[in-house]
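# Overview (structure and organization)
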Protein chains: 2
Amino acid sequence: MSEIYRASTTAPVNIAVIKYWGKRDPKLNLPTNSSLSVTLSQADLRTHTTASCSSTYPKEDTLLLNGSPQDVSGARTQACFRELRALRKQLEDSNSSLSRLSELPLRIVSENNFPTAAGLASSAAGFAALVRAIANLYELPSSPTDLSRIARQGSGSACRSLFGGYVGWEQGSATDGSDSVAFQVAPASHWPNMRAVILVVSAAKKGVSSTTGMQTTVATSSLFAARANETVPRRMAEMQKAIQEKDFEAFGKVTMMDSNSFHATCLDTYPPIFYLNDVSRAAIKVVESINAAAGKIIAAYTFDAGPNAVVYYLEENEKEVAGLFKAAIGEKDGWKCERGEKVEANGANLEKIKEEAGVAVELLKDGVSRVILTGVGEGPVKTGETLIDEKGEPIL
Amino acid sequence: MSEIYRASTTAPVNIAVIKYWGKRDPKLNLPTNSSLSVTLSQADLRTHTTASCSSTYPKEDTLLLNGSPQDVSGARTQACFRELRALRKQLEDSNSSLSRLSELPLRIVSENNFPTAAGLASSAAGFAALVRAIANLYELPSSPTDLSRIARQGSGSACRSLFGGYVGWEQGSATDGSDSVAFQVAPASHWPNMRAVILVVSAAKKGVSSTTGMQTTVATSSLFAARANETVPRRMAEMQKAIQEKDFEAFGKVTMMDSNSFHATCLDTYPPIFYLNDVSRAAIKVVESINAAAGKIIAAYTFDAGPNAVVYYLEENEKEVAGLFKAAIGEKDGWKCERGEKVEANGANLEKIKEEAGVAVELLKDGVSRVILTGVGEGPVKTGETLIDEKGEPIL
């Protein structure tokens, strides 16, 4: 009986504080500007992926995500498979004792530990896990940097999920994308008390996809060039300094300004793209009130291509930030877990904030369907827990 | 008995299609970019002002607006009074037969024919009428251009209300503001079939004032310079060409893009300024659907510093644009007037649009409190109708 080769990993979600928006090369996912993100804890949000290959499998590569077969014929997934196989083939060609895994069909099984309904961009964790799992399967000596170059071709922001902690993505300038890779600004241990509360907003309808949206912005926004060429390069430097110095006020201010800048270029797109709705704006208002009450920036909002708010804060301000939201939003999925139970609802501060942000508090209460509490975390982790059994069958 | 000198005028509201946002000199109201507006018909929206002066009046200048005494001690009103008195004094100094009106206290009475609750920026019509009425009182030979230079110091956009039709405001470069004046791009008669429907959105709370907002934008938005220095100069040229050629598609596209660009710089302000809400976005969506159904741009939205939508269209498309809104929004103040009764509710098109914009139509129906139907109109008109009687008393 032929062997079933298997390897498994988990990979994290990341939420950018300097946003990726705009491609200079849509095929290679080469961006128009560098970006920077915080890798979030896999205890809360992660993709778990097992990659396997065997001569016993039917010829076609397959991918099962949360129990549903996925189309792997798209150019992006194919690019990842092709690049990883090429690296394996190099190994095999230089060492004839190695099994020729590069010639075998791939069977991949993946699971997210967070509900798809949460509307969180899962493609970053998904492609990072896919690339990392196959690299493990092939026993590639590739560094996370090398793998980030491959994962980027699957989904741009996936390249940042190959590292833990605080992660940059250097836009690069080479036409083949060889220098467009992720790098670690600082490990999670450098600034471990960074936390995030994600306010999941019930949206009536999905907005414009980010792939379509960003290309329309590049083509039509007259303000976009200023963002990509001037604003972001300056803020990338400011943000790295803020992280090095663990300066939350600088981190928070740049985070909020960059989110606003990104959404401003969406609004300047023709036709305009709106990801923020009245509930998102209410979250912004409440964060502003939290900071006003504290007399400094202790909470920082950021929004991806959707209405969900991600609010960063430091552990020591948990009561002032997450506790305020707990009091404001009330009983919702997410407060009931171990982590959520620990957050102390801050009713006293809420009363003060209601004076000037009462309407916003009501909007949040009605519009937020669940919360996710998380924090900075590690990069992909190899795991013995497999999603494919020794016969090659998915474990569901 | 001493004489009561009186003169009266009406002046129009204008709604910009290239927005004024940002001052290079807040004292003189000198803008960071040129702008362009459509003067709206005074049958629908106007300020009526009577200026008078008399030696029998108490020493202080006074202004009554809609029956309420206004503070005239502010630098802006004072600048208008000072400049107009100086021009009158020049006349008096060169012709000793003239009464020395420049030395007499001013009593001004003003009325708007539209509800303050509509949230329409009334300061443009207000200062244009004030300046024009006093110029009439003083029998100044000043041209509308000269008066626009004075009205600008009262309220920037007021300078554009000194002319009818399609009106530009050249930003100028002189530090004393001498070349920052309004000019007529084309009279109303050049393109008389331009119409507008104003959707008045019930806002829970007034947003950031435009004076405060624009200065915060100049100080904090990293995208603002690109708008002021590159985008607007290009669009000023495109817009003037569109008006000269009566090209509604070009007019409409630039109008919508410029509104979006302006609100994008508001969002890029720190802290961000939001004037558009979910109802405003619904109006944008419905305009997009109207244009998609027509296969070309026949409706163009624009938003000032508030959530109200102004939708421009041509008379010949009234059924497709105003008629669609009439069917969508249903019974509201504004459809009941003579003008409104003439608009045919377009239920057939509404049904088609509901398929892709059903949520937006519902939001509009709930969120629009009244509509105002109007169109391009003339500049200030001298009137014999006075708001001050022969004894100098206000006629209320």
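Note that this is a predicted model, so its numbers are computed, not measured. (Residues numbered from 1 in each chain as written. Chains lettered and ligands numbered in written order. Predicted model: local features only at pLDDT ≥ 70, side-chain atom pairs only at ≥ 80, totals over all residues. Heavy atoms only, no water.)

## What about the overall build of chain A?
Scanning chain A from N- to C-terminus turns up 10 helices and 16 strands. Projected onto its principal axes, the C-alpha coordinates of chain A cover approximately 70 × 45 × 40 Å. Across the 396 residues in chain A, those meeting the buried criterion constitute 58%. Pairs at least 24 apart in sequence give 75% of the contacts found in chain A among residues at least 6 apart. Averaged over its 42 positive side-chain charges, chain A has a centre that lies 2 Å from the centre of its 45 negative ones. (Helix = DSSP H or I, 4+ residues; strand = E, 2+ residues; numbered from the N terminus. Buried < 20%, exposed > 50% of the residue type's maximum accessible area, 1.4 Å probe, protein only. Contact = heavy atoms within 4.5 Å. Lys, Arg positive; Asp, Glu negative; His and termini not counted. Charge placed at Lys NZ, Arg CZ, Asp CG, Glu CD.)

## Here's the deal with helix α4 (residues 210-220) of chain A
Residue and element names in this part refer to chain A. Inspection of α4 places G213, M214 and T217 among the buried residues, and these make up the whole buried set. Summarising the axial view, the buried residues of α4 lie within an arc of 95°, below the 170-degree limit, and thus occupy one face. The secondary structure elements touched by the buried residues of α4 are β3 (23-25), α5 (224-244) and α6 (248-267). (Arc of directions from axis to C-beta.)

## Topic: the nonpolar core
Residues F251, Y312 and F325 of chain A together with F251, Y312 and F325 of chain B are the most contacted members of the largest nonpolar core, which totals 154 residues. If near-sequence neighbours (up to four positions away) are discounted, F251 of chain B is found in contact with V17, V38, W191, M194, M239, A242, I243 and Y312 of chain B. (Core = buried A, V, L, I, M, F, W, Y, C linked by side-chain atoms within 4.5 Å.)

## A look at the side chain of N308 of chain B
With respect to the secondary-structure elements, N308 of chain B resides in the loop between β13 (299-302) and β14 (309-314). From its side chain, N308 of chain B meets the backbone nitrogen of V201 of chain B in a polar contact 2.8 Å long. (Polar contact = N/O pair within 3.5 Å; in protein donor to acceptor, adjacent residues only side chain to side chain.)

## Thoughts on the sheet that holds strand β11 (residues 182-186) of chain B
Residues and elements named next belong to chain B. Pairing in this open sheet of four strands is antiparallel, and the strands run β2-β5-β10-β11 from one edge to the other. Every other strand in the sheet has two partners, leaving β2 (14-18) and β11 as the edge strands with one partner each. Going from strand to strand, the sheet's axes swing by 35° on average, the running direction of each strand aside. Across four bridges, β2 lies against strand β5 (residues 35-39) in antiparallel orientation. In the sheet register, N14 faces β5, and the bridge partner there is T39. Here helix α6 (residues 248-267) sits on the sheet in contact with β2 and β5, set at roughly 90° to β2. (Pairing = 2+ DSSP bridges. Axes fitted to C-alpha atoms, helices over the stretch in contact; angles between N-to-C directions.)

## Structural notes on the packing of aromatic side chains
Residues and elements named next belong to chain B. Considering all chains together, one arrives at 16 aromatic pairs over all chains under this definition. Pairing W21 with Y275 gives two aromatic rings, centres 6.0 Å apart and planes at 85°, and the pair type is edge-to-face. Taken as a pair, W21 in the loop between β2 and β3 (23-25) and Y275 in the loop between α6 and α7 (278-294) lie far apart in primary sequence, 254 residues in all. With a relative accessible area of 5%, Y275 lands in the buried category. Ring centres 5.5 Å apart and planes at 80° place the aromatic pair W191 and F251 in the edge-to-face group. Here W191, found in the loop between β11 and β12 (194-201), pairs with F251, found in helix α6; they are 60 residues apart in sequence, far enough to count as distant. (Phe/Tyr/Trp six-rings, centres within 6.5 Å; stacked < 30°, edge-to-face > 60°.)

## Observations concerning the domain arrangement of chain A
Residue and element names in this part refer to chain A. Domain annotation for chain A reports domain 1 (5-191 + 379-383) and domain 2 (194-375). On a C-alpha basis, the centres of domain 1 and domain 2 stand 27 Å from each other. Listed by partner, the interface residues are 32 residues for domain 1 and 46 residues for domain 2. Of all residues in domain 1, the largest losses of buried area upon contact with domain 2 belong to K19, W21 and W191, amounting jointly to 30% of the total for that side. Across the pair D304 and K19 runs a salt bridge whose closest N-O atoms are separated by 2.6 Å. Counting across the domain 1 and domain 2 interface gives 13 residue pairs in polar contact (both at pLDDT 80 or more). Secondary structure elements with two or more residues in the side of domain 1 that touches domain 2: β2 (14-18), β5 (35-39) and β11 (182-186). Residues belonging to the side of domain 1 that touches domain 2 are distributed by class as follows: 19 nonpolar, nine polar and four charged. (Domains from an automatic or database assignment. Buried area = accessible area lost by both parts, 1.4 Å probe. Salt bridge = Lys/Arg side-chain N within 4 Å of Asp/Glu carboxyl O. Nonpolar A, V, L, I, M, F, W, Y, C, P; charged D, E, K, R; others polar.)

## Brief notes about the sheet that holds strand β6 (residues 46-53) of chain B
Residues and elements named next belong to chain B. Spatial ordering of the open sheet is given by β8-β7-β9-β6-β1-β16, a layout of six strands whose pairing is mixed. Two strands in the sheet have a free side with no partner beyond their single neighbour: β8 (68-70) and β16 (381-383). Taking the axes of each pair of neighbouring strands and ignoring which way they run, one obtains an average angle of 25° across the sheet. Bridge count for strand β7 (residues 62-65) against strand β9 (residues 106-112) is four bridges, and the pairing is parallel. Bridging from a neighbouring strand, L64 pairs with V109 of β9. Helix α2 (residues 123-137) contacts β1 (5-12), β6, β7, β9 and β16 of the sheet and is inclined by roughly 145° relative to β1.

## Brief notes about the packing of helix α7 (residues 278-294) of chain A against helix α10 (residues 347-367) of chain A
Residues and elements named next belong to chain A. Where α7 meets α10, the closest approach of the two axes is 8 Å, and the angle between their N-to-C directions is 140°. Where α7 crosses over α10, the two elements pack in a sense that is left-handed. Contacts from D278, V279, A282, A283, K285, V286, S289 and I290 in α7 reach I353, E356, A357, A360, V361, L363, L364 and G367 in α10. A class-by-class count of the residues in the contact of α7 with α10 yields 11 nonpolar, two polar and three charged. (Left-handed = near helix turned anticlockwise from the far one by under 90°.)

## Considering the environment of S8 of chain A
Residues and elements named next belong to chain A. By secondary structure assignment, the location of S8 is in strand β1 (residues 5-12). Judged by relative accessible area, S8 falls into the buried class, the value being 5%. Expressed as a C-alpha distance, the spacing of S8 and R132, which sit 124 residues apart in the sequence, is 8.4 Å. The contacts of S8, once residues within four sequence positions are left out, are H48, T49, T50, N136, K382, T383, E385, T386 and L387. Looking at S8, its side chain comes within polar contact range of the side chain of T50, at 2.6 Å. Among the polar contacts made by the side chain of S8, one reaches the main-chain carbonyl oxygen of E385 at a distance of 3.3 Å.

## Focus: the pattern of salt bridges
Residue and element names in this part refer to chain A. Taken as a whole, this structure holds 36 salt bridges over all chains when the rule is applied. Its salt-bridge partner being D258, residue R227 comes within 2.9 Å of it at the nearest N-O pair. One end of the pair, R227, is in helix α5; the other, D258, is in helix α6, and 31 residues separate them in sequence. Just as R227 is buried, D258 falls in that class too. The structure contains a network of salt bridges with shared partners spanning K89, D93, R100 and E103.

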